[in-house]
There are 2 protein chains.
Amino acid sequence: MIKSNNPILVSWIPVPENSDFPIQNIPFGIFSSKNSEPHPATRIGNTVVDLSQLADFGFFDRMGLKDLSCFYASVLNPLIANGPQFWSILREKLSQLFNIENDELQGLEEVKKLALFPVNSVEMHMPVEVGDYTDFYSSIEHATNVGKMFRDPDNALLPNWKHIPVGYHGRSSSIVVSGAEIHRPKGQTKADDADAPGFGPTKLFDFELEMAFITGKKTEMGESIPVDKAEEAIFGMVIFNDLSARDIQKWEYVPLGPFLSKNFGSVISPWIVTLEALQPFRVEGPEQEPAVLPYLEYSGEKNIDIKLEVLIKPEAGKESTVCKSNFKYMYWNMAQQLAHQTVNGCNINVGDMYGSGTISGHTPDSYGSMLELSWKGTKPLKLDDGSERKFVLDNDTIIMRAYAEKNGVRVGFGESAVKILPAI
Amino acid sequence: MIKSNNPILVSWIPVPENSDFPIQNIPFGIFSSKNSEPHPATRIGNTVVDLSQLADFGFFDRMGLKDLSCFYASVLNPLIANGPQFWSILREKLSQLFNIENDELQGLEEVKKLALFPVNSVEMHMPVEVGDYTDFYSSIEHATNVGKMFRDPDNALLPNWKHIPVGYHGRSSSIVVSGAEIHRPKGQTKADDADAPGFGPTKLFDFELEMAFITGKKTEMGESIPVDKAEEAIFGMVIFNDLSARDIQKWEYVPLGPFLSKNFGSVISPWIVTLEALQPFRVEGPEQEPAVLPYLEYSGEKNIDIKLEVLIKPEAGKESTVCKSNFKYMYWNMAQQLAHQTVNGCNINVGDMYGSGTISGHTPDSYGSMLELSWKGTKPLKLDDGSERKFVLDNDTIIMRAYAEKNGVRVGFGESAVKILPAI
C-alpha cells in the first residue's frame, strides 16, 4: 500500500502548493479531451493522466488482468470491479511511474505528449454509472437541528436514530458531476394557513453538504457485508451536494420520505479519492451511546478527518464561505452504513453511491445546509458582497471543497460546483 | 396499431383456452434456451419466439432501424429505446407473421425449428436493466386501510394524499423475475413495550400486490413530461410484488420512509405487456375530488380493467386464492404518476420501473397485502389445506396473476411467483 502520508514521495509532475492532488492521492475519474472519448484518468497536481494511453504503451501489462479493456471504458465501473487488491496495485504502479526517482515514463516525451493533459484543457464526466443511490442521515448535529426546528426542541432526535443509520433510497439518474447548471425545480407546496396546495418554483432552495462513498463489490441477494469487511467493499469517496427544495419536501415527505424535493439533481466532485489514500487521516469518532447492536459494532478509528467548506458565489460577485464543517463529526461511519444497508440481504453493485447525509458540526457556522445556517430563514447570512441569503438564489453557484491534511501532506477532492438557473 | 380486442385475429401457433398470450397480446421478454444466450422474445400461447432468430432471417429488415443489434441484446432496453412508433410497427409485424392467413413464416420449417420454443423449455430473465425504481402509493383503499390501522380511523388519509401521487424511490438492484427464491430478511424491530430494539428475522413478512410500468423514453434534466404526453413515454407493464417486512418497516420508516423493510426483493412477471395491447381495456377511474392541480389533470378513460389475483401455495399444499383485486381501482393513474415524477425536472431513462403501490379494492377479500387481509394479524386467513395465515410463512410460494378480458379476448401477464425461504 502507498503510504499516503509519506511526505518524502515527490512526483516529476509539478504539484502547486496546497494542491489536493499530490502523488500521495492518485484519485480516479473519467475525462475527455478535445480529441478523445471519455476514458479513465488520474490526476497529479494540475495534470490529468490518460490511463488508456498508459495501457496502450504497456505500462499495465503485468498486473494480473485478463485484458486491459477497463482502461478504455467510459466509466470506472469495470476498473473498480477488479477488486481491492487491484486498486492497491494500480495506485502503487502509478505512484512509481510518477515518482521523481523513477525514469520509466519520465523520459518518454512521446508518451507524455499523448498521456498528459493540463486540467483546464479537459472535460470531466460522471466517474461511475450509478446503479442505486442511498442517502443516509448520519450526522447527529444535523438530525438534532432538523428535529429542533420541525419537531420538539427538547426531544429532537427520533427514537430510532441512535439505533439505526437511518437512510432512504434516492434517484441515481440525476446525479451529475461538478460544473453542472441545474434549474430551480417547480412543485407542489402548501403554506400552513392555506386550504389547498399551490404550484410553482421552490422558494426554499437549499444545498446539503455531504460526502458519498462508492462501492467496489457486487453481492448476491441474501448476502450481507459484515461491518468489519465493509471497508474492503468501498472503493472511494467524493463530495456530494444533495440539492433540496425545503417547501416541496415539507408538503410531500409524510409518510414515505423525500421524493421530488431531492431527485431533481445532486452534484458530485469528479475525482474519486480512494479509501486507501484516506487511511492516514483516520480519527476517533463520537462515542455511540447507547451501544449499537452487534452487527453495527465498529472497532478501530471510526472516522476520517476531512475538512469541508461550502461557498456561495453570486452571479457577479466573489465566493463567500458560508460553512466550514468536517467529515469527522459523523455519528455513523461508512462501514456501519454499508453493514446496515446489506444486513437484510439487499444486494449491492459496483458503482453504487451512498451519501452520508448533511454533515453539520457543533457550531452555527459549521451547519451543512442553508436551512440550518439561516435557521429556517430566521437568521439571514451576509455574503462578502453585502447581499443576504436565507436560501439559495437564482444564478448563485454553490461550491463545496474538501481535503484531509496531516504531516504536511494534503489529500483532497477538488470541488463540487453547481450553478442554479431560474425555473424553466 | 393492432386491434388488441379483435377476436378475428387467429395465430397459426396454437393458443390454449384462457391463455394470457393470444396473438392480440404480443408481449416482450428476455429468454434463454439450453443452447442460447439471453435474447429478446415474444410469446404466443405456450410458444416462445426468439426475435434474434427472426432478425437473422431478415424479417425485421425493413422497419427503419439503423441496425438490428437490439434484437440480440440481453435486455430489452435497446429495443425499447427505438420509441413508440417502432413498438407499434414491431407488434404489427409480429401479428402479421403469426397470423394464420399469412404464409411468410408459417411454411418455413427450418426457421420455425430455430425460432420457436415450448415455454417450459426456456428460462426467463429480467426483461430490462432497471435504472431507477419508484414505488407509488396510489390506491385510495390501501392508503385508507393503512391510515385506519396505524393512524386515525376517522381521518385515515393524510392531508397531501389527494393532491399528490405520493411515491418514493426504491432499490432497483433487488428487482428479480418470477421464479425467484428469496430468504426471509433479518433486521431491527422494536416491540411497543420494549426499551430497545432487537435483531432477528422479520415476523411479519408480507407481499404487496402491485402493477408496474416501464418507461420507454430518456429525458434530460430539467425536462418535464406533461400528463397528456406521458403514455407515449410508457412502454408497457408487469405484475409487481413488493415484498415487505412490516415490523422492520414500523421501526425504521419515520422520518425518511421505508428502506430495509422493502429493498431485499421485489418480484415481477417476465413478460412486458405493452400499453398498446391494453388500450381496449380502458375504463373510467374513480372520480378525483377535490380537483387535482392542472399538471395532473387527465382527460379520457383514466384506468385499465385488469383482474388481479394473489395465491399462496404452502410447501406441500395446493394454491389458495387470498385476494382478488383490480387495477381499475387506482385513484392516480400511470400518466399522472409519470407527470408528477418529472414535474420538477427529474430525468428518466428507458427501462425505469414505476410501481403502482398496493392495489386494494373496497371489499376485505380484495385487499392487496396480508397486513390488510388479516387486519394487522387480527383476522387470520384460512387456506384450502386448513392452515391459517396472518402473514407469509417460510416455504410459502406467493403467486400473483393478472389479465384483462373483453369481447372474448384475453390479454394477460402470466404470473409473478416467489418462494420464501427461511432466514439465512
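Residues numbered from 1 in each chain as written. Chains lettered and ligands numbered in written order. Predicted model: local features only at pLDDT ≥ 70, side-chain atom pairs only at ≥ 80, totals over all residues. Heavy atoms only, no water.

(A) Expanded view of the overall build of chain A. Within chain A, the secondary structure is distributed over nine helices and 26 strands. Computed over C-alpha atoms, the radius of gyration of chain A comes to 22 Å, within 12% of the 22 Å expected from 2.2 N^0.38 for 424 residues, which places it in the range of a compact globule. Projected onto its principal axes, the C-alpha positions of chain A cover 70 × 55 × 40 Å. Residues counted as buried form 63% of the 424 residues belonging to chain A. (Helix = DSSP H or I, 4+ residues; strand = E, 2+ residues; numbered from the N terminus. Rg over C-alpha atoms; globule rule 2.2 N^0.38 Å. Buried < 20%, exposed > 50% of the residue type's maximum accessible area, 1.4 Å probe, protein only.)

(B) Here's a closer look at the interface of chain B and chain A. With 57 residues of chain B in contact, the opposing surface of chain A contributes 58 residues. Summed over both sides, the interface between chain B and chain A buries roughly 5,200 Å², with carbon and sulfur atoms accounting for 63% of that surface. When residues of chain B are sorted by the area they lose upon contact with chain A, Arg-171, Leu-256 and Phe-259 of chain B head the list and together hold 16% of the total. Run the count over chain B and chain A and you get four salt bridges. Its salt-bridge partner being Asp-352 of chain B, residue Arg-171 of chain A comes within 2.8 Å of it at the nearest N-O pair. Across the chain B-chain A interface, the total number found is 26 residue pairs in polar contact (both at pLDDT 80 or more). Every element with two or more residues in the side of chain B that touches chain A is listed here: strand 6 (133-136), strand 7 (167-170), strand 10 (186-189), strand 11 (198-201), helix 6 (246-252) and helix 8 (334-342) of chain B. Split by residue class, the side of chain B that touches chain A holds 30 nonpolar, 21 polar and six charged. (Contact = heavy atoms within 4.5 Å. Buried area = accessible area lost by both parts, 1.4 Å probe. Salt bridge = Lys/Arg side-chain N within 4 Å of Asp/Glu carboxyl O. Polar contact = N/O pair within 3.5 Å; in protein donor to acceptor, adjacent residues only side chain to side chain. Nonpolar A, V, L, I, M, F, W, Y, C, P; charged D, E, K, R; others polar.)

(C) Region of interest: the relation of the copies chain B and chain A. Expressed as a screw operation, the relation of chain B to chain A combines 0.0 Å of axial shift with a rotation of 180°, fitting to an RMSD of 0.0 Å. In the structure described here, the two chain copies are related by an operation that fits a two-fold rotation axis. Among all C-alpha atoms of chain B, that of Gly-257 of chain B lies closest to the rotation axis, at 2.2 Å. With an isologous cut-off of 70% or more, the 100% of interface residues of chain B that recur at the interface of chain A puts this contact in the isologous class. (Least-squares fit on C-alpha atoms with pLDDT ≥ 70 in both.)

(D) The arrangement of the pattern of salt bridges in detail. Taken as a whole, this structure holds 34 salt bridges over all chains when the rule is applied. With a closest N to O distance of 2.9 Å, Asp-206 of chain B and Arg-246 of chain B form a salt bridge. You can see Asp-206 of chain B sitting in strand 12 (residues 205-206) and its partner Arg-246 of chain B sitting in helix 6, a full 40 residues away along the chain. You can call Arg-246 of chain B buried: its relative accessible area is 9%. One connected set of salt bridges, linked through shared partners, spans Asp-206, Glu-208, Asp-242, Arg-246 and Lys-262 of chain A.

(E) Representation of the domain arrangement of chain A. Residues and elements named next belong to chain A. We note that the domain assignment places domain 1 (3-125) and domain 2 (133-421) within chain A. For domain 1 versus domain 2, the distance between C-alpha centres works out to 29 Å. Taken together, the contact between domain 1 and domain 2 spans 29 residues of the former and 26 residues of the latter. Carbon and sulfur atoms supply 63% of the area buried between domain 1 and domain 2, which totals about 2,300 Å² over both sides. The interface formed by domain 1 and domain 2 includes two salt bridges. (Domains from an automatic or database assignment.)

(F) Broad picture of the side chain of Asp-352 of chain A. By the secondary structure assignment, Asp-352 of chain A is in the loop between helix 8 (334-342) and strand 22 (353-355). For Asp-352 of chain A, the side chain forms a polar contact with the side chain of Arg-171 of chain B, separated by 2.8 Å.

(G) Expanded view of the sheet that holds strand 9 (residues 180-183) of chain B. Residue and element names in this part refer to chain B. The five strands lie next to each other as 9-26-25-20-21, forming an open sheet whose pairing is mixed. A strand with exactly one partner marks an edge of an open sheet, and here the two such strands are strand 9 and strand 21 (320-326). Shown here is a sheet whose adjacent strand axes are inclined to one another by a mean of 20°, direction ignored. Alignment of strand 25 (residues 397-406) against strand 26 (residues 409-421), held across nine bridges, turns out to be antiparallel. By the bridge assignment, Ile-399 is partnered in strand 26 with Ala-417. (Pairing = 2+ DSSP bridges. Axes fitted to C-alpha atoms, helices over the stretch in contact; angles between N-to-C directions.)

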